[in-house]
Structure formats: structure tokens, C-alpha cells
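Structural overview
So you can see what is in the structure, the chains are spelled out below.
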Amino acid sequence: MSVTTTFGYSAAEDRLWVSCSAWNTRLWLTRRMVQSVVSSVAQVLETVAAQPAGEPAPPGAEGAAREHDASLNQPQPGESGRALTLGRDSEEGAAELAAAPLCTRFRVTGTVRNAELVFGTREGDRSVQLSRVGLHRWLHALQMVLARTDWHEWQAPPEWLTRSYLPPALQNLLTTAAGPAAGDAPPPAA
């Protein structure tokens, strides 16, 4: 069975919510919990990097970076459509959030093929089973939501999680179209 996970940021609550198609309600994640989730999942991905048969394992972060790039840019057999989509919250979603429990514990276990995420609440545990590729995509989606928060006072995520995985030609087009980034020196005067 395929599951869908959605993340959102509530500025009023200053925390994230997570929803999974396998659960009956959403969960709240505080800043501290999100930091623990990102750190724990990244550590599992760096520790247990999948390798093609016969190839030596690259160091943790390098192996995770290669695997992350492949997970985001190479479709899986039988996969159709987009793996990541953006959505919007509705009024019924706001009502559901009012009753959402707070996640107080998190655990992740992973192997070369799959992973299990377990979110603990006072009402009990909720888990998500993901493939290795699914775990990379899940973490990437979480990072996309985190990039839209103002949470700057915490430990930075691994570089491989925040880098752009667009092909260089597209990166150049976006950089040229957007103009210089904040903090970049202005172009020389003609």
C-alpha cells in the first residue's frame, strides 16, 4: 500500500504539522522535535547508504548525497507522475489541526532497502513504512517546508539535504533569471 505524507507550517502555532494517509489525524511537531527528526533521519541515511553490488561504500555524507540525488532525480520502475507535490491547507484542515495531538517521541530505523518512522503521542504511536527512496523524498519534502519557516537558531541540516539537485543548466537559468542573490556583489559597471 502506498502512503502519502503532507507537511505544513502554522505561523500562528510556530510549529509544523504532519499528515499521513495511513493515520486518522494529523500530528503537531515542535521545533525541537523537527530538529530531532531531521537529525535522526539524516544519520540513518548516512549510516546505511545503499550501494550497487560490487561497489565500495563511499563515506557517510558522500554516499547519502549520491543516494539523495538519485532518489530525487531518477524515477523508480513503474513510477508515474511527480513524486513530490505542493498543496494548500483548507478550512477543514484547520479544524482537524485543533484536535491534532503533539508528537513527543520519535524513532527511525532503517536498512539498505526500507525504513520505519515512529511518531509517539499520548494517544499512542503512529508509524510510516517507507522505501529507501521514499525516505529520501520524505526528508526532502520536510526540508522544503522548513525552508519557509523562520527557524534559524538551530543546528544546520547536512549540506546534501539543502543543496540544489537541479541539473546545472537549469540552475544557471534560474540564477540568471533571478539576478544576483542577496549578499552577492553587484555586477561591474560598464
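Preceding this paragraph is the structure being described.
Reference entry: report on the structure contained in this document. This is a predicted model, so every value here is computed, not measured. (Residues numbered from 1 in each chain as written. Predicted model: local features only at pLDDT ≥ 70, side-chain atom pairs only at ≥ 80, totals over all residues. Heavy atoms only, no water.)

**Remarks on helix 4 (residues 132-146)**
To be explicit about the condition: Secondary structure elements are taken from DSSP: a helix is a run of H or I of four residues or more, a strand is a run of E of two residues or more, and numbering for both begins at the N terminus. Expected span, for any helix, means 1.5 Å times one less than how many residues it has. Think of it in three bands: with a 1.4 Å probe and only protein chains considered, a residue is buried below 20% of the maximum accessible area for its type, exposed above 50%, and partly exposed in between.
In this model, helix 4 (15 residues) spans 21 Å end to end at C-alpha, consistent with the 21 Å of a helix rising 1.5 Å per residue. For helix 4, the tally of buried residues reaches 14 of 15 residues, placing the bulk of the element in the interior.

**What about the environment of Val3?**
Convention followed: Only heavy atoms matter for contacts: two residues are in contact if any of them lie within 4.5 Å across the pair.
Secondary-structure assignment places Val3 in the segment before strand 1 (5-10). Residues Val3 and Leu130 lie 127 residues apart in sequence; the distance between their C-alpha atoms is 8.4 Å. Among all residues touching Val3, those that are not within four sequence positions of it are Cys20, Ser21, Ala22, Val128, Gln129 and Leu130.

**Describing the layout of surface pockets**
Threshold: Buriedness for pockets is judged along seven lines, at least five of which must meet protein on both sides within 12 Å for an open set on the 1 Å grid over protein atoms alone, while cavities are sets there where a 1.4 Å probe fits but cannot get out, and lining residues have an atom within 4 Å of a point. Grid points are joined across faces, edges and corners, and a volume is the space filled by probe spheres set on the points. Asp, Glu, Lys and Arg are counted as charged, while Ala, Val, Leu, Ile, Met, Phe, Trp, Tyr, Cys and Pro are counted as nonpolar; the rest, among them Gly, fall into the polar class.
Size it by volume and the second largest pocket reaches roughly 250 Å³. Looking at the second largest pocket, it is lined by 16 residues, and the ones nearest its centre are Gln143, Trp154, Gln155, Ala156 and Pro157. For the lining of the second largest pocket, the elements supplying multiple residues, two or more each, are helix 1 (31-47) and helix 4. Broken down by element, the residue count for the lining of the second largest pocket peaks at 5 residues, all from helix 1. Residue classes in the lining of the second largest pocket are distributed as 9 nonpolar, 7 polar and no charged.

**Considering the sheet that holds strand 5 (residues 114-121)**
To be explicit about the condition: DSSP calls a pair of strands paired once it identifies at least 2 bridges connecting them. Every angle, taken between N-to-C directions, lies between 0 and 180 degrees, and every axis is a line fitted to C-alpha atoms, over only the stretch in contact when it is a helix.
Read from one edge of the open sheet, 3 strands run 4-5-6, paired in antiparallel fashion. Only two strands of the sheet have a single neighbouring strand rather than two, namely strand 4 (105-110) and strand 6 (124-131). Going across the sheet, the axis of each strand differs from the next one's by a mean of 15 degrees, ignoring polarity. Looking at chain direction, strand 4 and strand 5 are connected through 6 bridges and run antiparallel. Among the inter-strand pairings, Val108 is bridged to a residue of strand 5, identified as Leu117. On the sheet, helix 1 packs against strand 4 and strand 5 and is oriented at approximately 10 degrees with respect to strand 4. Sheet strands touched by helix 4: strand 5 and strand 6. Its angle to strand 6, the strand with the most contacts, is close to 115 degrees.

**Examining the pairing of strand 1**
Pairing analysis gives 6 bridges linking strand 1 to strand 2 (residues 15-20), with the strands arranged antiparallel. Residue pairing for strand 2: Tyr9 is matched across the bridge by Leu16. What sits between the antiparallel neighbours strand 1 and strand 2 is a turn of 4 residues, in which Asp14 has the positive phi angle 50 degrees.

**A look at the packing of aromatic side chains**
How we decide: Any Phe, Tyr or Trp ring, taking Trp's six-membered ring, that has another such ring centre within 6.5 Å forms a pair; planes under 30 degrees apart are called stacked, those over 60 apart edge-to-face, and the others tilted. In this analysis the charged atom, NZ for Lys or CZ for Arg, is taken to sit over a ring once it is within 6 Å of the ring centre and within 35 degrees of the ring normal.
Applying the stated criterion across every chain yields a total of 5 aromatic pairs. Note on Trp23 and Phe119: the rings are 5.5 Å apart at their centroids and 75 degrees apart in plane angle, and the pair reads as edge-to-face. A residue pair is termed long-range when its members are at least 10 positions apart, and Trp23 in the loop between strand 2 and strand 3 (27-29) and Phe119 in strand 5 qualify at 96 residues. Pair check on accessibility: Trp23 and Phe119 agree, each one buried. Summarising the aromatic geometry, the rings of Phe119 and Trp138 are spaced 6.3 Å apart at their centres and angled 50 degrees between planes, so their arrangement reads as tilted. A residue pair is termed long-range when its members are at least 10 positions apart, and Phe119 in strand 5 and Trp138 in helix 4 qualify at 19 residues. Take Phe119 and Trp138: they sit in the same class, and that class is buried. It is Arg15 that lies over the ring of Trp28; its NZ or CZ is 4.5 Å from the centre.

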